[in-house]
Amino acid sequence: MIAAAAELRDAVGKLRFDAPVEYVYNPLEYAWDAHCAYLKKYGASRKKVLMMGMNPGPFGMAQTGVPFGEIAAVRDWMGICEPVKKPVRQHPKRPIEGFDCPKSEVSGRRLWGLFAEKYPVANDFFCDHFILNYCPLVFMEESSRNLTPDKIPAAQAQAMCEACDHHLRQAIEILKPDWAIGVGGFALKRLQAVLGKDSGIRTGTILHPSPASPAANKGWAEKAESQLLELGIWK
């Protein structure tokens, strides 16, 4: 997984984007030590369930190098706290402060909060589950407004998707999951596109925990748990 992540890091690090993208952060570069710690500690064995998000949030993986990387969850539940460097070019409104960042990533707080509640010991969760992001890059407009990969113009997104699809195939080959779950609709579409129809891996989705989704702002944990139960992943 570390070799695959390094290949993805270098591939997307060479990409260039035009307006509306003005700033691009690559946590696989400046937060590499923390990302490697996550992969070494929790991604070194076969998994029953692979869950995938879209790309880093500004106060989650952008700060910690861990998908949906709410600082308290990464530091206190996962036991990961590594030095984090800074991007070469930062937006003044979106500084990278690593594990000293005072802001909370709502999506990560919701997602990891549910899993920590069900699995108080992180190793028990990661025994069968693993979470990654489709794209490791953070995109911002000049105003510092966050841009998700689905908002990148198609002509610019093609090379990004090729690199991310390749990494996803590698992760699936390494982890050999029975289930591939998209956290949100975009992630599910990328999983289905990469897996095709004859992979033998079952796919599904859970509601994305982003506060930008009105449905996620009322009982997200209960809804996500219900979806996992209906799929038959949780008992």
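Quick look at the structure, then. (Residues numbered from 1 in each chain as written. Predicted model: local features only at pLDDT ≥ 70, side-chain atom pairs only at ≥ 80, totals over all residues. Heavy atoms only, no water.)

**Some thoughts on the overall build of the protein**
(1) Moving on: When you go through the protein residue by residue, the secondary structure sums to ten helices and seven strands.
(2) Moving on: Relative to the 2.2 N^0.38 estimate, which gives 18 Å for 235 residues, the radius of gyration of the protein is 16 Å and therefore close to what a compact globule would have.
(3) Moving on: Expressed along its principal axes, the backbone C-alpha trace of the protein runs to roughly 45 × 40 × 35 Å.
(4) Moving on: Taken across its 235 residues, the protein has 54% of its residues classed as buried.
(5) Moving on: Carbon and sulfur atoms make up 51% of the accessible area of the protein, which totals about 10,700 Å².
(6) Moving on: Taking the average place of the 29 positive charges on the side chains of the protein and the average place of its 26 negative ones, the gap between the two points comes to 2 Å. (Helix = DSSP H or I, 4+ residues; strand = E, 2+ residues; numbered from the N terminus. Rg over C-alpha atoms; globule rule 2.2 N^0.38 Å. Buried < 20%, exposed > 50% of the residue type's maximum accessible area, 1.4 Å probe, protein only. Areas by Shrake-Rupley, 256 points an atom, 1.4 Å probe, with all protein chains shown as cover. Lys, Arg positive; Asp, Glu negative; His and termini not counted. Charge placed at Lys NZ, Arg CZ, Asp CG, Glu CD.)

**Regarding the pairing of strand β6 (residues 179-183)**
(1) Moving on: Among the five residues of β6, five are classified as buried, and the element is accordingly described as predominantly covered.
(2) Moving on: Here β6 shows a buried face lined by Trp179, Ile181 and Val183 and a second buried face lined by Ala180 and Gly182.
(3) Moving on: Strand direction decides the pairing type here: strand β2 (residues 49-53) and β6, joined by four bridges, are parallel. What sits directly across from Leu50, in β6, is Ala180.
(4) Moving on: As judged from the five bridges shared by β6 and strand β7 (residues 202-206), these two strands associate in the parallel manner. Bridged to Ile181 within β7 is Gly204.
(5) Moving on: Viewed along the sheet, the connection from β6 through helix α9 (residues 185-195) into β7 turns out right-handed. (Pairing = 2+ DSSP bridges. Right-handed = clockwise from strand over helix to strand, strands pointing away.)

**Things to note about the pattern of salt bridges**
(1) Moving on: The full count for this structure, using the stated rule, is seven salt bridges.
(2) Moving on: Here Glu141 and Arg145 are joined by a salt bridge, their closest N and O atoms 2.9 Å apart.
(3) Moving on: When the shortest N-O distance is used, the salt bridge between Asp165 and Arg190 registers 2.7 Å. Taken together, the residues Asp165 in helix α8 (residues 154-175) and Arg190 in helix α9 connect sequence positions 25 residues apart. (Salt bridge = Lys/Arg side-chain N within 4 Å of Asp/Glu carboxyl O.)

**Brief notes about the sheet that holds strand β1 (residues 23-25)**
(1) Moving on: Across the sheet, three strands lie side by side as β1-β4-β5; this open sheet has antiparallel pairing. Either end of the sheet is taken by a strand with one partner, and the two such strands are β1 and β5 (146-147).
(2) Moving on: With three bridges joining them, β1 and strand β4 (residues 138-140) adopt antiparallel strand pairing. By the bridge assignment for β4, Tyr25 is matched with Val138.

**Quick notes on the nonpolar core**
(1) Moving on: Ranked by internal contacts, the top residues of the largest apolar core, which has 75 residues, are Tyr38, Met78, Trp112, Phe115, Phe126 and Phe130.
(2) Moving on: Per-element tally for this core: the top contributor is α8, with nine residues.
(3) Moving on: Every residue in contact with Trp112, bar those within four places of it in the chain, is listed here: Tyr38, Pro67, Phe68, Gly69, Glu70, Ala73, Trp77, Met78, Phe125, Phe126 and Ile131. (Core = buried A, V, L, I, M, F, W, Y, C linked by side-chain atoms within 4.5 Å. Contact = heavy atoms within 4.5 Å.)

**Here's the deal with the packing of aromatic side chains**
(1) Moving on: This structure, assessed with the given rule, holds 18 aromatic pairs.
(2) Moving on: On the numbers, 6.4 Å between centres and 85 degrees between planes, the contact of Tyr25 with Tyr30 is edge-to-face.
(3) Moving on: For Tyr30, a relative accessible area of 5% gives the class buried.
(4) Moving on: Note on Trp112 and Phe115: the rings are 6.1 Å apart at their centroids and 75 degrees apart in plane angle, and the pair reads as edge-to-face. With Trp112 and Phe115 both in helix α6 (residues 106-118) and three residues apart, the pair spans about one turn of that helix.
(5) Moving on: We classify Phe115 as buried; its relative accessible area is 0%.
(6) Moving on: Three or more aromatic residues joined by ring pairs form one cluster here, namely Tyr38, Tyr42, Trp77, Trp112, Phe115, Tyr119, Phe125, Phe126, Phe130 and Trp234. (Phe/Tyr/Trp six-rings, centres within 6.5 Å; stacked < 30°, edge-to-face > 60°.)

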